[in-house]
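Secondary and tertiary structure notes
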Amino acid sequence: MSKDNQQEQEIITDPEETAKEEELEQEVLEEEQAEDEELEKLKQDYEELNNRLIRLQADYDNFRRRTMKEREADRKYKSQDLVTELVPVLDNFDRALKVEVEGEAAKGFVDGMKMVYQQFKAALEKEGVEEIKAEGEQFDPHLHQAVMQANEEDYDSNVVIEEMQKGYKLKDRVIRPAMVKVNQ
């Protein structure tokens, strides 16, 4: 055989081998494509799980903040029910102390009642109870309940002329609005 024939034979490959090589290349391409699809699916799953985790953390943070606010409000207003029950007692003390008494023994008794009343008010103030200022103040429907109206020239319009019943607040919450007489 001549050198040229030998080179020609070397260049010409076996068709069977070429088909096997093409088949192998096709299999490799298909495997790469399947791996790429699987990788893309895994990336999507990761993103979805990551988003769910972020939303879950945000929900938990919101829940924690909300429960903390509720606990603070519970602590802040824990004595509201008790104060609501004691406000009429304050009213009765006020009425009782306005009664004029005669005699040294009665005055001693009234002085003792005034001391108890002051101590009672101090204990309520310590818990955050305060009287709502009314007389001479601008009428505020959140703090005052108008039960009467008058037309007096000595006062400006919409000003409280007289307090009929005291109102009370517990910290910043109105327990009972003040009943007032308002100038038109």
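Note that the structure is predicted; figures quoted are calculated from it, not measured.

Procedures and definitions
Residues numbered from 1 in each chain as written. Predicted model: local features only at pLDDT ≥ 70, side-chain atom pairs only at ≥ 80, totals over all residues. Heavy atoms only, no water. Phe/Tyr/Trp six-rings, centres within 6.5 Å; stacked < 30°, edge-to-face > 60°. Helix = DSSP H or I, 4+ residues; strand = E, 2+ residues; numbered from the N terminus. Buried < 20%, exposed > 50% of the residue type's maximum accessible area, 1.4 Å probe, protein only. Expected span 1.5 Å × (residues − 1). Bend = angle between axes of the 7 residues up to and from the residue. Contact = heavy atoms within 4.5 Å. Core = buried A, V, L, I, M, F, W, Y, C linked by side-chain atoms within 4.5 Å. 1 Å grid on protein atoms, 1.4 Å probe; cavity = no way out; pocket = protein on both sides within 12 Å on 5 of 7 lines; lining within 4 Å. Points joined across faces, edges and corners; volume = space filled by probe spheres on them. Nonpolar A, V, L, I, M, F, W, Y, C, P; charged D, E, K, R; others polar. Patch = residues over 30% accessible without salt bridge, like charges linked within 9 Å, V, L, I, M, F, W, Y side chains within 5 Å. Areas by Shrake-Rupley, 256 points an atom, 1.4 Å probe, with all protein chains shown as cover. Salt bridge = Lys/Arg side-chain N within 4 Å of Asp/Glu carboxyl O. Lys, Arg positive; Asp, Glu negative; His and termini not counted. Charge placed at Lys NZ, Arg CZ, Asp CG, Glu CD. Pairing = 2+ DSSP bridges. Axes fitted to C-alpha atoms, helices over the stretch in contact; angles between N-to-C directions.

This part is about the packing of aromatic side chains. Overall, the coordinates contain 2 aromatic pairs when judged by the stated rule. On the numbers, 5.5 Å between centres and 40° between planes, the contact of F93 with Y117 is tilted. Note that F93 is positioned in helix 3 (residues 80–97) and Y117 in helix 4 (residues 104–126), a separation of 24 residues in sequence. The exposure class assigned to Y117 is buried, which follows from its relative accessible area of 5%. Residue classification places F93 among the buried residues on the basis of a relative accessible area of 13%. By the ring-pair criterion, three or more aromatic residues cluster together here, those being F93, Y117 and F120.

When the terminal C-alpha atoms of helix 3 are compared, their 25 Å separation across 18 residues agrees well with the 26 Å that a helix rising 1.5 Å per residue should span. Considering bend angle alone, the principal kink of helix 3 is centred on L86 and spans about 30°; proline P88 follows within four residues of it. Residues of helix 3 that are buried: V83, L86, V87, L90, D91, F93, D94 and L97. Elements that come into contact with the buried residues of helix 3 comprise helix 4, strand 1 (129–131), strand 3 (160–165), strand 4 (168–170) and strand 5 (173–176).

Here we take up the nonpolar core. Nonpolar side chains in soluble globular proteins tend to end up buried together. Counting 15 residues, the largest nonpolar core has V83, L90, F120, L124, V129 and L170 as the members making the most contacts within it. Where this core is concerned, the elements lending two or more residues are helix 3, helix 4 and strand 4. Setting aside residues up to four positions removed in sequence, V83 forms contacts with L124, V129, L170 and I175. If you look at the next biggest cluster of nonpolar residues, it comprises 5 residues, including V160, A178, V180 and V182.

Moving on to the environment of A134. Mapped onto the fold, A134 is located in the loop between strand 1 and strand 2 (144–150). Accessibility expressed as a relative area gives 5% for A134, which makes it buried. Counting along the chain gives 26 residues from A134 to V160, while the straight-line C-alpha distance between them is 6.2 Å. Residues contacting A134, with those up to four places away along its chain left out, are H144, V160, E163, A178 and V180.

Taken as a whole, the largest pocket encloses approximately 180 Å³ of empty space. Taken together, D91, D94, R95, K98, E163, M164, Q165 and K166 make up the lining of the largest pocket. Residue assignment for the lining of the largest pocket shows that the elements contributing at least two residues are helix 3 and strand 3. Split by residue class, the lining of the largest pocket holds 1 nonpolar, 1 polar and 6 charged.

A contiguous patch of negative charge on the surface is contributed by E23, E27, E30, E31, E32, E35, D36, E37, E38 and E40. Within the element layout of this structure, E38 appears in helix 2 (residues 15–76).

What follows deals with the sheet that holds strand 2. Taken in spatial order, the 3 strands of this open sheet run 2-6-3, and their pairing is mixed. Every other strand in the sheet has two partners, leaving strand 2 and strand 3 as the edge strands with one partner each. Here the strands of the sheet are splayed against their neighbours by 30° on average, with no regard to which way each runs. Strand direction decides the pairing type here: strand 2 and strand 6 (residues 178–183), joined by 6 bridges, are parallel. If you follow H144 over to strand 6, its bridge partner there is A178.

Here we come to helix 4. Along its 23 residues, helix 4 runs 33 Å from first to last C-alpha, staying within 8% of the 33 Å computed at 1.5 Å per residue. Buried within helix 4 are the following residues: V110, Y117, F120, K121 and L124. For helix 4, the secondary structure elements touched by its buried residues are helix 3 and strand 1. One or two residues past the end of helix 4 sits G128, with phi positive at roughly 105°.

By themselves these figures say nothing about function.
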